[in-house]
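Analysis of the macromolecular model
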Amino acid sequence: MNILVTGGAGYIGSHTCIELVKAGYNIIVADNFVNSCMEAVNRTRKLCGINFPFVEIDFTDYEATDQLFDKYNIDTVMHFAGLKAVGESCKIPVEYYKNNLDSALSLLLAMKKHNVKNFIFSSSATVYGADAPIPYNESTPVSRCASSPYGNTKLMIEYILKDAVKAIPGFNAVLLRYFNPVGAHESGEIGEDPTGIPNNLMPYVAKVAVGKLDMIHIFGNDYDTPDGTCLRDYIHVVDLAKGHVAAINKIKEDCGLFVCNLGTGKGTSVLEMVKAFSKSCGKELPYEFAARRTGDLPAFWADPSYAKEQLGWVAKKGIQEMCDDVWHWQSKNPNGYSN
Ligand code: NAD
Ligand code: UDP
């Protein structure tokens, strides 16, 4: 099977390329580098042990997308490409809608023209919305409106894919709802490399550990949780990548629409994460409590039982391994890919 990996130079895409190649799939990797770089592709090629084809392309460009499908014989699209910063999406919502929706639509139109029927989509737990009971399971209705324009792009693409499955005979769409991906490849060669000051907890903590930032700010310590800080379901990016390989087996069964959480089923607090990372890097990391961050939910985690039942997939790596691997990546590459 030939798999087009869009956004394959990015954090989750690059780790997934390795697992796909390990599992024997042919990959065609594509990205426009809006949030990544060629060095990530070069390192991923090395870790894969093959020089897989790479195409620099902006998927909002339908003509270019169509030409890519002319050139390569693609069976399945794994769609990671997209803008993903929640805060930024509130500042430039129109650009987020344009990039994320146009990319998905170009791909779907090109797929239709070239009779490609399999689409695996990077969705997010954010589609469940603030009122969903915890743990989130797949039968919980999605929110009518997500808490950010970014989240709305995920909801809208989910709707588009659901309609495509209804309308296009033989079309399969797998919607994978990720919880909080963290960690890095065990080699320390690839990992998460955000530009500027990270918004997410794990890359921020890693930058403090490596001395690039002074202090961790923990947003809120008065939540109704065991230690007062928020709980999230952190999942190792390599486990997440393996979840995508498992999802291909579902596609092979002609699943039609298949929606699944990829999480561990365990909530971990911000303080617990900071402590685990301190252990990984061998020093107490400085932190202070700060005001709650607008829009944060106190706690959520996945019910992972459907993924186990349907995909035979369970996340195996624990919090300490996630932190150890991030520290390995960050300490080996203090400036990320621009060493
Ligand atoms: P990332 O930014 O590292 O990777 C996304 C890649 O897509 C980048 O390399 C970027 O250059 C590329 N891209 C963006 N727009 C493009 C376009 N128009 N054409 C071609 N390439 C384009 O992000 P990631 O963390 O690897 O996330 C991958 C996917 O998973 C995204 O769709 C994201 O929304 C989703 N997701 C991520 C998380 C998370 O916490 N990281 C959680 C849930 C869902
Ligand atoms: N967080 C924090 N300090 C930071 C970044 C994040 O305390 O510098 C907290 C945030 O409030 C949330 C958790 O860490 O409770 C995870 O945040 P992240 O942005 O990584 O993921 P989210 O679950 O918001 O998508």
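Everything numeric here is computed off the predicted structure, so don't read it as measured data. (Residues numbered from 1 in each chain as written. Chains lettered and ligands numbered in written order. Predicted model: local features only at pLDDT ≥ 70, side-chain atom pairs only at ≥ 80, totals over all residues. Heavy atoms only, no water.)

So, on to the site of ligand 2. Near ligand 2 lie 14 residues; those nearest to it are His217, Phe219, Arg232, Arg293 and Asp296. Between Arg293 and ligand 2, the recorded distance is 2.8 Å, taken from a side-chain N or O atom to an oxygen atom. A distance of 2.5 Å separates an oxygen atom of ligand 2 from a polar side-chain atom of Asp296. Burial of ligand 2 by the protein amounts to 88% of the accessible area it has alone, namely 510 Å². Among the secondary structure elements, those contributing two or more residues to the shell around ligand 2 are helix 7 (201-209) and strand 8 (216-219). With three residues, strand 8 is the single largest residue contributor to the shell around ligand 2. In terms of residue class, the shell around ligand 2 is built from seven nonpolar, four polar and three charged. (Near = heavy atom within 4 Å. Polar contact = N/O pair within 3.5 Å; in protein donor to acceptor, adjacent residues only side chain to side chain. Areas by Shrake-Rupley, 256 points an atom, 1.4 Å probe, with all protein chains shown as cover. Helix = DSSP H or I, 4+ residues; strand = E, 2+ residues; numbered from the N terminus. Nonpolar A, V, L, I, M, F, W, Y, C, P; charged D, E, K, R; others polar.)

The next subject is the packing of helix 3 (residues 62-71) against helix 5 (residues 93-113). In contact at an axis separation of 9 Å, helix 3 and helix 5 are set at 40 degrees when each is read in the N-to-C sense. As the angle between them shows, helix 3 and helix 5 are arranged oblique. Relative to helix 5, the crossing made by helix 3 is right-handed. Two secondary-structure elements touch here, helix 3 through Tyr62, Thr65, Asp66 and Phe69 and helix 5 through Ser106, Leu107, Leu109, Ala110, Met111 and Lys113. Classifying every residue of the contact of helix 3 with helix 5 gives six nonpolar, two polar and two charged. (Axes fitted to C-alpha atoms, helices over the stretch in contact; angles between N-to-C directions. Parallel < 35°, antiparallel > 145°, perpendicular 65-115°, else oblique. Left-handed = near helix turned anticlockwise from the far one by under 90°. Contact = heavy atoms within 4.5 Å.)

With that out of the way, let us pick up the site of ligand 1. With respect to spatial proximity, 28 residues lie near ligand 1, and among them Ile12, Asp31, Asn35, Ser36 and Tyr150 are the closest. Measuring from an oxygen atom of ligand 1, one finds a side-chain N or O atom of Ser36 at 2.7 Å. At a separation of 2.8 Å, an oxygen atom of ligand 1 approaches a polar side-chain atom of Lys84. Its free accessible area being 820 Å², ligand 1 has 95% of it covered by the protein chains. Secondary structure elements with two or more residues in the shell around ligand 1: helix 1 (11-22), helix 5, strand 5 (118-124) and helix 6 (149-167). Looking at which element gives the most residues to the shell around ligand 1, the answer is strand 5, with three residues. Taken together, the residues that form the shell around ligand 1 break down as 12 nonpolar, 12 polar and four charged.

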